[in-house]
Structures are given as C-alpha cells and as structure tokens.
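The primary structure of each chain is shown beneath.
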Amino acid sequence: MPERAALVTGASSGIGLAIARVLGEEGYGLTVAARRPEKLSVAVEELRAKGYEVEEVAANLTSEEEIQRVVAAHRNRFGRLDVLVNNAGVGVGAPVADIVTKRADMQLDLNLRAIILFYRECADLLRAAGAEHRNALVVNLASIAGKGGAAWLSVYAATKAAVIGWTQSMNKELNGEGIKNVALAPGFVDTPMSDFVKEHVSADKMITPEDIGEAVRYLLKTSPACVIPEIVFQRPGEAL
Ligand SMILES: NC(=O)c1ccc[n+]([C@@H]2O[C@H](COP(=O)([O-])OP(=O)(O)OC[C@H]3O[C@@H](n4cnc5c(N)ncnc54)[C@H](OP(=O)(O)O)[C@@H]3O)[C@@H](O)[C@H]2O)c1
C-alpha cells in the first residue's frame, strides 16, 4: 500500500492526466475519475503500466451520488487522502442572449458545485492527513478567464472566478488544520479543451499540460508554512 494517496478528477485527458502522472511518479496511490469509461481506461492502462497503484472510477461528476461513489471507492482502496485535485471542467461558449440553461447548469455543476461537494465528502480524510503531516494539498483548476472575464465564455469565466473565491475561503477555513488550497489559473493549455482555438493560437504557443503537472510537483514539496493561494500561468501577450 502506498504511504500517500491522491484523488484526481478529469484524469483521463489533458491537465488531469499530466497531474496524475506526476503524482504517480511521486509515489502516490491514485484514484482517477472521469466521465467516459473507455477513455479513462486508456489512461489507467498507461498509469498502471508505469507501476502506479490506480483505482479507476468512471463517473459523471455533475451528480452528487456519483461524487459520493468516487470518494467511497477512494476511501475503500486507500483509506487516506493527502492530495485532492479538482480538475474536471467544461466550457461551452455562447453570446449572452443565447445562453442555454442546460449548458449553463452543466458548467456550474461540474466546474463549481462538484468542487464544493468533493471538499465536503473528503473533509474528514483531508483533516486526518493534515493532522498527521500538516501538508495536505487541494489543487483546484480555475482559469485565466476567472481572473479577467471572457467574452462569449461568460458562464465558464464566472465558474472559474468562483473557484478562486472558494479556494480563498478554504484557505481561511482549513489552512490552520494543515490543508493547503491552491487555485491554478492558466491561459490556453494544449489539450482537447483548447482545440476550438487552435486555428488562431497554435498548440506550440500554448502552455503544456506537463507545465501544470510540474507546478503540482512543486506544491507537493513546499513546506506547510508556504501557502500559495493561486498560480496564474500567463502566455506572452495574454491579457488578464
Ligand atoms: N485547456 C485549457 O486551455 C485550460 C485553460 C485553463 C483552465 N483549464 C481547466 O483545466 C481543467 C482540465 O481541462 P483540460 O484542458 O485538461 O480538458 P480536457 O482535456 O477536455 O479534460 C477534461 C477532463 O474532464 C472530464 N470531464 C468532463 N466532463 C465531465 C463530467 N461531467 N464528469 C466527469 N468528468 C468530466 C473529461 O472526461 P471525458 O473526456 O470523459 O468527458 C476529461 O477527463 C478544466 O477545469 C479546465 O477548465 C483548461
């Protein structure tokens, strides 16, 4: 059984998979969750081939029951949680007059509500890790859109601004218990999510998922006294 354990949402692709790779390299047992089972299985196969201990849970994280199922599977497998990565997210563009309620709800439910519910469901495990070594870590994926807003991606940007606010609150509430909370706010990262813009911003001008993974590796190694509430990854010329 690994000495430390992590749970990563949206780990079948892009940033989540890059973070899961880093956590595996650092010796963490991993629970990985994402929506489509076939895609998640491919990622899990890769992680297990590297010798990492991986619990695989396909789940739609817009559902409270599914979130509870993911946390229960993690608890049963590892019995502890040192690092929680709330990474799963979606963005659906629309001009304000054309916003479709169902799509707005999906973004609010996955990008924000799921993070709130993961914290609630994991609070006891995170507190136990914080009490043990004072260095439990929660990483929440925000976006540069949450720092400065985004035309036609306004619902997405609002959810990401809320993730930053939520992370600030969690630091105020939980930091004294040895739990560090960090919001990551990248500009365009070269993943399937940014495919829509690659005609205008080429992939080689984007931040890499590995850059974000390395930021998480750094956060694992900082001392409990080093609280970094937010990291903004800005590409050259990208406005906040
Ligand atoms: N790429 C960027 O430019 C960028 C910039 C700033 C912030 N971010 C943020 O970074 C995070 C990761 O994005 P990414 O670029 O790595 O995107 P990605 O490659 O599209 O990966 C998104 C992940 O979330 C999962 N997911 C989507 N809907 C889900 C649902 N309802 N339930 C469970 N899992 C679900 C996906 O699984 P399925 O594929 O099976 O749906 C996938 O594993 C997101 O929060 C995003 O907002 C991305």
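Residues numbered from 1 in each chain as written. Predicted model: local features only at pLDDT ≥ 70, side-chain atom pairs only at ≥ 80, totals over all residues. Heavy atoms only, no water.

*Asks:* Just checking my understanding: could you explain the overall build of the chain for this structure?
*Replies:* The helix and strand inventory of the chain stands at seven helices and seven strands. Taking 2.2 N^0.38 as the reference for a compact globule, 240 residues should give roughly 18 Å; the C-alpha atoms of the chain span a radius of gyration of 17 Å, in line with that estimate. Taken across its 240 residues, the chain has 52% of its residues classed as buried. Sequence separation of 24 or more characterises 69% of the internal contacts of the chain that already satisfy a separation of 6 or more. As displayed, the chain offers around 10,900 Å² of accessible surface, 53% of which is attributable to carbon and sulfur atoms. Once the 26 positive and 30 negative side-chain charges of the chain are each reduced to a mean point, those two points are 2 Å apart. (Helix = DSSP H or I, 4+ residues; strand = E, 2+ residues; numbered from the N terminus. Rg over C-alpha atoms; globule rule 2.2 N^0.38 Å. Buried < 20%, exposed > 50% of the residue type's maximum accessible area, 1.4 Å probe, protein only. Contact = heavy atoms within 4.5 Å. Areas by Shrake-Rupley, 256 points an atom, 1.4 Å probe, with all protein chains shown as cover. Lys, Arg positive; Asp, Glu negative; His and termini not counted. Charge placed at Lys NZ, Arg CZ, Asp CG, Glu CD.)

*Asks:* It is not clear to me how the site of the ligand should be interpreted in this structure. Could you clarify?
*Replies:* In the region of the ligand, 32 residues are neighbours, and Ser-12, Ser-13, Lys-39, Tyr-156 and Thr-191 sit closest. Interatomic distance of 3.2 Å between a backbone N/O atom of Gly-10 and an oxygen atom of the ligand. Within the side chain of Lys-160, one N or O atom sits 2.9 Å away from an oxygen atom of the ligand. In the complex, 94% of the free accessible area of the ligand, which totals 890 Å², lies under the protein chains. Under a 2 Å grid-point criterion requiring more than half of the atoms, the pocket assigned to the ligand is the largest pocket. Going through the elements one at a time, α1 (14–25) and α6 (154–174) are the ones with two or more residues in the shell around the ligand. Per-class residue counts for the shell around the ligand are 16 nonpolar, 12 polar and four charged. (Near = heavy atom within 4 Å. Polar contact = N/O pair within 3.5 Å; in protein donor to acceptor, adjacent residues only side chain to side chain. 1 Å grid on protein atoms, 1.4 Å probe; cavity = no way out; pocket = protein on both sides within 12 Å on 5 of 7 lines; lining within 4 Å. Sits in = over half its atoms within 2 Å of the grid points. Nonpolar A, V, L, I, M, F, W, Y, C, P; charged D, E, K, R; others polar.)

*Asks:* I'm lost on the packing of aromatic side chains in this one. Help?
*Replies:* The relation between two aromatic rings is expressed through the spacing of the ring centres and the mutual angle of the planes. Scanning all chains against the criterion turns up two aromatic pairs. Both rings, one in Tyr-119 and one in Trp-166, keep their centres 5.5 Å apart while their planes meet at 80 degrees; by these two values the pair is edge-to-face. Linking Tyr-119 in helix α4 (residues 101–133) with Trp-166 in helix α6, this pair joins segments that are 47 residues apart in sequence. With a relative accessible area of 3%, Tyr-119 lands in the buried category. Here the aromatic rings of Phe-188 and Phe-196 are separated by 6.3 Å at their centres, their planes lie at 75 degrees, and the arrangement is edge-to-face. For Phe-188, a relative accessible area of 26% translates into the label partly exposed. With a relative accessible area of 57%, Phe-196 lands in the exposed category. (Phe/Tyr/Trp six-rings, centres within 6.5 Å; stacked < 30°, edge-to-face > 60°.)

*Asks:* It is not clear to me how the environment of Leu-220 should be interpreted in this structure. Could you clarify?
*Replies:* You can see Leu-220 is positioned in helix α7 (residues 209–221). For the pair Leu-220 and Lys-160, spaced 60 residues apart in sequence, the C-alpha to C-alpha distance is 23 Å. For Leu-220, the residues in contact, after removing those within four places along its chain, are Leu-23, Glu-26, Tyr-28, Val-83, Asn-135 and Leu-137.

*Asks:* Whenever I open this one, the pattern of salt bridges confuses me. Can you help?
*Replies:* Side chains carrying opposite charge are able to pair once their charged atoms draw close together. For the coordinates displayed, the defined rule picks out 22 salt bridges. Notably, a salt bridge pairs Lys-50 with Glu-46, separated by 3.0 Å at the nearest N-O pair. Given a relative accessible area of 41%, Lys-50 falls into the partly exposed group. Overall, the relative accessible area of 26% leaves Glu-46 in the partly exposed class. Taken together, the salt bridges that share partners define one network made up of Glu-25, Glu-26, Glu-214, Arg-217 and Lys-221. (Salt bridge = Lys/Arg side-chain N within 4 Å of Asp/Glu carboxyl O.)

*Asks:* Can you help me understand the nonpolar core in this one?
*Replies:* One recurring pattern in soluble globular proteins: nonpolar side chains tend to sit buried together. One finds Leu-23, Leu-30, Val-32 and Leu-184 to be the most contacted residues of the largest nonpolar core, which totals 35 residues. Not counting the four nearest positions on each side in its chain, Leu-184 is found in contact with Val-139, Asn-140, Leu-141, Ala-142, Ser-143, Ile-212, Val-216, Leu-219, Ile-231 and Phe-233. (Core = buried A, V, L, I, M, F, W, Y, C linked by side-chain atoms within 4.5 Å.)

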